[in-house]
Structures are given as C-alpha cells and as structure tokens.
Amino acid sequence: MIYTLEGHALKHAVEEMLLTLLPAVTLARAEQPPEQGDYCRSILIEQDGAAQVRAVVRLDGTTRESARSASVAGLAPLDYKRTVTELVKSTVYDAVVPALAEPPVWGSLTGVRPAKLARGLIARGMSRGEAAEHLREHFHVSPARTALTIRAAATAMALDQTIGKEDISLYVGIPFCPSRCYYCSFVSSATAQSGHLIEPYLETLCHEIAQTAALVREAGKRIQSVYIGGGTPTTLNEKQLARLLGTLEQSFDFSGLCEYTVEAGRPDTITPDKLRVLKAAGVNRVSINPQSMDDAVLAAIGRRHTAEDVLRAYDEAREVGFSAINMDLIAGLTGDTVQSFAQTVRQLTRLAPENITVHTLAIKRGADLTDKAAAAAQRTAVARMLEGAADTLQRAGYGPYYLYRQKFMAGGFENVGWCRPGTECFYNVAMMEELQTILSLGAGGVSKRVDRDTGWIERVNNPKYPLEYIAASERLAAGKRKLLFPEQ
C-alpha cells in the first residue's frame, strides 16, 4: 500500500495504524497517491488555532474519507505533537475500519501500555468509570479490553503507593539459552554457539554489579525488587549461579527487598541443585515457562523438553520450598489449536501456580509477507484461545494484574499476567507501568530513570550482544551514573 503525508511528517503514526489494521500489507511512502491500487492520504491543515486532519483511503477499489479536528492553540510542543498524532491515527482508523470484517478489540490504540494511558486519564481527574467510557468511546476499545485495562491500572495504582522516594529495582540479564526458540525476538544466544562466552560474560557482569552497587549506595537508593531474566538464567551451572547471586548479595543492600525473582524458564535447564542455590540466596519467586503442554507443539517451536519435564521441574520447585511460581504460555504457536491450548491452560490451573502469564505470539521484526499474512489469519483462533483462557483462569480463582502489547502480535491482541489474590509480581507491574527507576545490568539491558513527580523518563542502553558487552566492561557504569546523578 502507498501512503502520502500532506502538511505533517508523522510517518510512524500512519504506519503504526495501517499495520495494526492491515497487518499483511507492505507499506511504501510516496509524494503522490497512485492512480490505481490501494493508498492512504493523511492530510493536516492548521487554521485559526485548530488542527484539521483528514484521511483518504482506497482499499479494493473503494475510497473512504474521515476527518477530525482539535484545538491546538497555546499547546506546549509535547502536547501539540500528542494531539496531532492522535488525530492522524484516529482518522486513518476511521477510514479503514469500515473495510474490515470486524474492528480490532483494541480499537485505535497502538501503544504498548494501555493501562498507563488509563492511569493518566484518572490522574487528570476522571473516575475509573469515566476513564473506561473514554477508552470505549474515544479509542473504540472493546468492553472486555476496557475492563482488563482498568483492572490493570487499578493494580498499578495500588502498588505505586508502596514505592518510596528512594526505591528502585534491578534487572539482571543472562542472554543464553540451551537452544533458540523459533519465535524468539529477545537478545539470546544458544549455548552450542556461544557457550564459550558464558564465563567472560559472567566476569563482566559481576564487575558491572559491583560498579552499579557503589553508585546506588552513593545516590542513597534502596533496592525494592530484583528480577533475573534472559535468555534463560538457569543455563548457568550451579557454581556460576552461586557466583552471580553471591556477588549481588555482597554488593547490594537487599534488606528492603519485597521480591526476588529468577526466570528459571525452560525446564530442561532446571535441576534440584540449581533450585536450592536460588532458594539459599533468598530468591522467593521463580518462573517455569512451558509455553505449551503439547509435546508436538514444543518440538515444532524448537524446545528440547517435554510436558513431563515441565511437571518435574514444577514439583522440584515446590519441594525446594518456592511458594511463588509463575508459568508462561503463548497463544498462536505453530501447530497449536484452540483445543490443545485450552488443554494446556487446564493442566496449568490444576497445578495451581501463583501466576500464569498468557502471551500472544508476536512475529519478529523484519518478518516477510508470508509470516505477516499467517499471523493475521490466526486472528479468530487466537481470539478463541485467549477468551477460553480468560474464562478458565477466572473460574480457577485467577485475576488479571498487568498487561502489555507488542507490535505484530497475532490478531493484534495482548499479553496478560494472571495471579491468585495477593500474589502480583511487583517487578512486572513496576517495569511495564514505568512506576520507578529500574537499573538494568547485562547485555541488552535498558536502564530507565523515572521522575515520579513529572513522569519524565530517561533511558541508557547497555551494548546489545554478549561480545560487545564484554568489550565495553570499563564503560558500563557511565550511563548509570548519568541516570542516578542527572544534575552532574
């Protein structure tokens, strides 16, 4: 599809909305709309303090138009851009949706954090009911997704009250896995190719831990939660895990921790000895992530374990004494069906972990047109998977506590964390809702300083890949100093 911009340069706003509504299309920008074929014109005219935006869309030979306007007189630059961007997205949405079989459940929202948007509406004076109505009427969000958003926003607002002025959290990344799952878009390396980097990586990471801890002490900050993710952290052996956890404990003051999580992840890396190492170090929450309990699906996605291995790892974690366990699932995996996914959900609810996180498959950036079309075609099946999961989880006593979205998700849906009452993962909410500063250690880490008074966020990235990270050992602390001491 060809698109043109007239009177503005908000290409990302137009592309995001078009790809949300028409995920199988390939977009190309042009100066003029074509005489034949599909196109989208986005037009901005400012007059008498008002921004007037039109979208003209031709799809399958039918042309549709939409228009919206808003006052922009006296707006600060950031508010001006936000207002015009919303107009551009909304007009494209209005012009395209009549051509669709059904509207997307998230309406015209394309952002990653819908609950953060809802919290902003409430903070500006709306009641929860008014915020829900705004999501439905202004952004066309479905009633079910609106309810989900308001509930996640309420959880975030409650946890926000527990965060002190000097409280921050830590993320530690271990970007290694025993093999790479076909759907994975995270920075991770299979040990067959990169296992030789684990020791030098761990050496660099322990050095960064010590440097970061010194900065945290100097800044007078308190560590509220720790999350060790990946990759698969339990790719490390017992000795390496003990070294990592020991370095963290010796370097930081963990007396104020409310939560200490390790994403054990794949059951083929979990052993009783590793679990005992985690427990002895004070870890109080682990993730065991099957993604599916169907052996054929596991094989199709590149997992080297079975559903039976998941059950073994879960039992071992309980025997070691873990009372908070999360388990991840993915809707839309190759070979999975509505029926087999429902069976997976039922199996996990019978195990009764404290948290179950239901993800929707997101295709990788740069995927070809065939992959995009396949993801779009899954919409009906994935919708049924998610609806069935929500029903089963609620009947089993779980409630949603956080959610986020990603680009190119099958069907344009979402990821939702479900929990038993009182077992919410603090880190997940704080990170996804951007409630507090989080320092991220390891390759690919993105540290964020959150100004809790203004909401301003500043980011600093670590080198993305293990080899680059190892080479940057002596430069890693500089970015974190900038975040912790912005006045310097």
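This structure is a prediction, so every number in the text was calculated from the model and none was measured.

### Section: the side chain of Thr204
Then, in step 1: Note on placement: Thr204 falls in helix α7 (residues 198-219).
Then, in step 2: On the basis of relative accessible area, Thr204 is assigned to the buried category, the value being 5%.
Then, in step 3: For Thr204, the side chain forms a polar contact with the main-chain oxygen of Pro200, separated by 3.0 Å.

### Quick word on the environment of Asp79
Then, in step 1: Residue placement: Asp79 occurs in helix α2 (residues 77-96).
Then, in step 2: A distance of 2.9 Å separates the side chain of Asp79 from the side chain of Arg82, its partner in a polar contact.

### Side note on the packing of helix α9 (residues 272-280) against helix α11 (residues 307-320)
Then, in step 1: Closest axis-to-axis distance for the α9/α11 pair is 10 Å, and the angle between their directions is 40 degrees. Here α9 is positioned oblique relative to α11, judged by the angle of their axes. In this structure, the crossing between α9 and α11 has a hand that is right-handed. Mapping the contact onto sequence places Pro272, Leu275, Arg276 and Lys279 in α9 and Ala313, Glu316, Ala317 and Val320 in α11.
Then, in step 2: Split into classes, the residues belonging to the contact of α9 with α11 amount to 5 nonpolar, no polar and 3 charged.

### Brief notes about the packing of aromatic side chains
Each pair of aromatic rings is reported with the distance of its centres and the angle of its planes.
Then, in step 1: With the rule as written, the count across this model stands at 9 aromatic pairs.
Then, in step 2: Between Tyr227 and Tyr427, the aromatic rings sit 4.9 Å apart at their centres with planes inclined by 25 degrees, giving stacked as the arrangement. Here Tyr227 is found in strand β9 (residues 222-230), whereas its partner Tyr427 is found in helix α15 (residues 426-432), with 200 residues between them in sequence. Of the two residues, Tyr227 and Tyr427, both sit in the buried class.
Then, in step 3: Measuring from centroid to centroid gives 6.0 Å for Phe252 and Phe254, while their planes differ by 5 degrees, and the two rings are stacked. A single burial state applies to Phe252 and to Phe254, both of which are buried.
Then, in step 4: Following the ring pairs from residue to residue traces out a cluster consisting of Tyr171, Tyr227 and Tyr427.
Then, in step 5: Over the face of the ring belonging to Phe322 we find Lys279, whose NZ or CZ atom lies 5.1 Å from the ring centre.

### Here we look at the sheet that holds strand β3 (residues 39-47)
Then, in step 1: Spatially, β2-β1-β3-β4-β5 is the arrangement adopted by the 5 strands of the open sheet, whose pairing is mixed. Strand pairing shows two members of the sheet lacking a second neighbour, β2 (28-29) and β5 (62-71), which therefore form its edges.
Then, in step 2: Summarising the sheet, strand β1 (residues 2-6) and β3 pair through 5 bridges and their orientation is parallel. Each bridged residue has a counterpart across the sheet, and for Tyr3 the counterpart in β3 is Cys40.
Then, in step 3: Running at roughly 155 degrees to β5, α2 makes contact with β3, β4 (50-59) and β5 of the sheet.

What counts and how
Residues numbered from 1 in each chain as written. Predicted model: local features only at pLDDT ≥ 70, side-chain atom pairs only at ≥ 80, totals over all residues. Heavy atoms only, no water. Helix = DSSP H or I, 4+ residues; strand = E, 2+ residues; numbered from the N terminus. Buried < 20%, exposed > 50% of the residue type's maximum accessible area, 1.4 Å probe, protein only. Polar contact = N/O pair within 3.5 Å; in protein donor to acceptor, adjacent residues only side chain to side chain. Axes fitted to C-alpha atoms, helices over the stretch in contact; angles between N-to-C directions. Parallel < 35°, antiparallel > 145°, perpendicular 65-115°, else oblique. Left-handed = near helix turned anticlockwise from the far one by under 90°. Contact = heavy atoms within 4.5 Å. Nonpolar A, V, L, I, M, F, W, Y, C, P; charged D, E, K, R; others polar. Phe/Tyr/Trp six-rings, centres within 6.5 Å; stacked < 30°, edge-to-face > 60°. Lys NZ or Arg CZ within 6 Å of the ring centre and 35° of its normal. Pairing = 2+ DSSP bridges.

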